[in-house]
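Summary of the model geometry
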Amino acid sequence: QVQLVESGGGLVQPGGSLRLSCAASGSIFSIYVMGWYRQAPGKQREMVATLISAGTATYADSVKGRFTISRDNAKNTVYLQMNSLKPEDTAVYYCNADLSLGPGLVPYDYWGQGTQVTVSS
């Protein structure tokens, strides 16, 4: 069974910081892309940041310069360091991984359960 488990969410004041973690577990052959998405109430889910295995990162314009995505390949874990948080960052943050369960198998997207991030005074 493949699972993505997020942690690190919570309540923080504007200007504060949080670090989200997502660990992938199971019989995983290879992870090609890991990333973070978020969804606020009444809003469409949007991409926040993605990271391919070679190390190339992509960010949403709204978080550039404030958020940093990184990976620990030995632990199959992706992180999202969030600095200078704003109220508009409030959302449920979801971890995503594009991975294969074996050689020659078609990669598939897996999703975590989500972790709540609330930025408020």
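The preceding data block contains the structure.
No experiment lies behind these values; they were computed from the predicted model shown.

Criteria and cut-off values
What you see as residue numbers is a count from 1 along each chain, following the sequence as written. Residue-level local features of this predicted model are given only where pLDDT is at least 70; pairs of side-chain atoms are given and counted only at 80 or more, and the full residue set underlies all totals for whole chains, interfaces and linings. Excluding hydrogens and water, the side-chain values take into account all heavy atoms of the structure. Here, a strand pair is defined by DSSP locating no fewer than two bridges between the strands. The way it works is that DSSP assigns letters per residue, a run of H or I at least four long becomes a helix, a run of E at least two long becomes a strand, and they are numbered from the N terminus. Under this scheme, a helix contributes an axis fitted over its contacting stretch, all axes are lines through C-alpha atoms, and angles between N-to-C directions fall in the 0 to 180 degree range. Contact definition: two residues touch when any of their heavy atoms are within 4.5 Å. A pair of cysteine sulfur atoms is labelled a disulfide when the two atoms are within 2.5 Å. Partly exposed residues are those whose accessible area sits between 20% and 50% of the maximum for their type, while under 20% is buried and over 50% is exposed, using a 1.4 Å probe and protein chains only. Nonpolar cores are built from buried Ala, Val, Leu, Ile, Met, Phe, Trp, Tyr and Cys residues. Side-chain atoms within 4.5 Å join them into one set.

Before going further, it helps to spend a moment on the sheet that holds strand β3 (residues 18-25). With respect to topology, four strands assemble into an open sheet ordered β1-β3-β8-β7, the strand pairing being antiparallel. Strands with a single pairing partner mark the edges of an open sheet, and in this sheet they are β1 (3-7) and β7 (67-72). In this sheet, neighbouring strand axes are inclined to one another by 15 degrees on average, regardless of whether the strands run parallel or antiparallel. Of the pairings in the sheet, the one linking β7 to strand β8 (residues 77-82) comprises six bridges and is antiparallel in character. Following the sheet pairing, S70 is matched in β8 by Y79.

Moving on, we come to the environment of L51. Examined against the element boundaries, L51 turns out to sit in strand β5 (residues 46-52). Considered as a pair, L51 and Y94 are 43 residues apart in the sequence and their alpha carbons are 14 Å apart. Excluding residues that lie within four positions of it along the chain, L51 makes contacts with Y32, V33, M34, T56, A57, I69, S70 and R71.

Now for the state of the cysteines. Going through the model one piece at a time under the given rule, you end up with one disulfide. A disulfide bridge connects C22 with C95, and the sulfur atoms are separated by 2.0 Å. Between C22 and C95 the disulfide shows an S-S torsion of about -85 degrees. By sign, it is left-handed. Of this pair, C22 sits in strand β3 while C95 sits in strand β9 (residues 91-100), placing them 73 residues apart in sequence. The pair formed by C22 and C95 is uniform in burial state, with each residue classed as buried.

Core analysis: the biggest nonpolar cluster contains 28 residues, and M34, W36, V48, F67, L80, M82 and Y93 have the highest contact counts within it. Those elements that place two or more of their residues in this core are β3, β4 (30-39), β5, β7, β8, β9 and β11 (115-119). Tallying contributions element by element places β9 first for this core, with five residues. For L80, the contacting residues outside a window of four places in its chain are L18, R19, L20, W36, V48, A49, F67, T68, I69 and Y93.

Attention shifts here to unusual backbone geometry. For N76, which is not glycine, the phi dihedral falls at a positive 50 degrees. As for its placement among the helices and strands, N76 is situated in the loop between β7 and β8. The class of N76 is partly exposed, set by a relative accessible area of 24%.

Worth remembering: the numbers are spatial, not functional.
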